[in-house]
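# Structure assessment
The chain contents come next:
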Amino acid sequence: MKLEKFILLGHSMGGFLAASYAIEHPDRVAHLILADPWGFPERPADVAQKYNVPIWVRCVAFVVQPFNPLWPVRAAGPFGK
């Protein structure tokens with residue numbers, strides 16, 4: 001397709017493959033979006049202390065943690081197109 005730079009999105013195993021591609025060809029990927037990627041370890045428990053994340057950011061992250069980028073589509077169900 002002769003694209004110079006593009007946005008690469010990967011879901012599940014595709015997230016693992018997209019990350020692998022982005023590591024090999026960082027000059028071709030403008031943005032990398034990983035939706036529920038497979039093959040990545042759990043986030044370390046001490047991230048908030050290590051990076052001094054504000055409490056409001058931790059609260060928002062806790063609330064949206066169970067959702068992935070496709071949850072509005074799934075929630076729409078029969079009301080969608």
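Above this note sits the structure.
Residues numbered from 1 in each chain as written. Predicted model: local features only at pLDDT ≥ 70, side-chain atom pairs only at ≥ 80, totals over all residues. Heavy atoms only, no water.

### Here's the deal with the overall build of the protein
Each helix and strand in the protein was counted, giving 4 helices and 2 strands. Taken over C-alpha atoms, the radius of gyration comes to 16 Å for the protein, far larger than the 12 Å a tight globule of 81 residues would show. For the protein, the spread of C-alpha atoms along the principal axes amounts to about 45 × 40 × 20 Å. Buried positions account for 12% of the 81 residues belonging to the protein. Put simply, of all contacts in the protein between residues at least 6 apart along the chain, 41% involve residues at least 24 apart. Taken together, the 8 basic and 6 acidic charged side chains of the protein have centroids lying 7 Å from each other. (Helix = DSSP H or I, 4+ residues; strand = E, 2+ residues; numbered from the N terminus. Rg over C-alpha atoms; globule rule 2.2 N^0.38 Å. Buried < 20%, exposed > 50% of the residue type's maximum accessible area, 1.4 Å probe, protein only. Contact = heavy atoms within 4.5 Å. Lys, Arg positive; Asp, Glu negative; His and termini not counted. Charge placed at Lys NZ, Arg CZ, Asp CG, Glu CD.)

### Thoughts on the pairing of strand E1 (residues 6-11)
Across 6 bridges, the pairing between E1 and strand E2 (residues 29-35) is parallel. Residue pairing across strands places Phe-6 opposite Val-29, the latter belonging to E2. Crossover E1 to E2 through helix H1 (residues 13-24) is right-handed. (Pairing = 2+ DSSP bridges. Right-handed = clockwise from strand over helix to strand, strands pointing away.)

### A closer look at unusual backbone geometry
Peptide bonds are mostly trans, and most non-glycine residues show a negative phi. You will see that Lys-2, though not glycine, has its phi angle at about 60 degrees, which is positive. If you trace the backbone, Lys-2 turns up in the segment before E1. Among the residues examined, Lys-2 registers a relative accessible area of 83% and is labelled exposed. Residue Ser-12 is not a glycine yet carries a positive backbone phi of 60 degrees. By the element assignment, Ser-12 lies in the loop between E1 and H1. Taking the relative accessible area as the measure of exposure, Ser-12 reaches 31% and is therefore partly exposed.

### Quick notes on H1
Residues separated by three or four positions in an α-helix point in the same direction, a consequence of the helix having 3.6 residues per turn. Over its 12 residues, H1 extends 17 Å from the first C-alpha to the last, a length consistent with the 16 Å expected when each residue adds 1.5 Å. Inspection of H1 places Gly-15, Ala-18, Ala-19 and Ala-22 among the buried residues, and these make up the whole buried set. An end-on view of H1 places all buried positions within 100 degrees of arc, on one side of the element. Across from the buried face of H1, at angles greater than 90 degrees, the exposed residues are Leu-17 and Glu-24. Those residues of H1 hidden inside the fold are in contact with E1 and E2. (Expected span 1.5 Å × (residues − 1). Arc of directions from axis to C-beta.)

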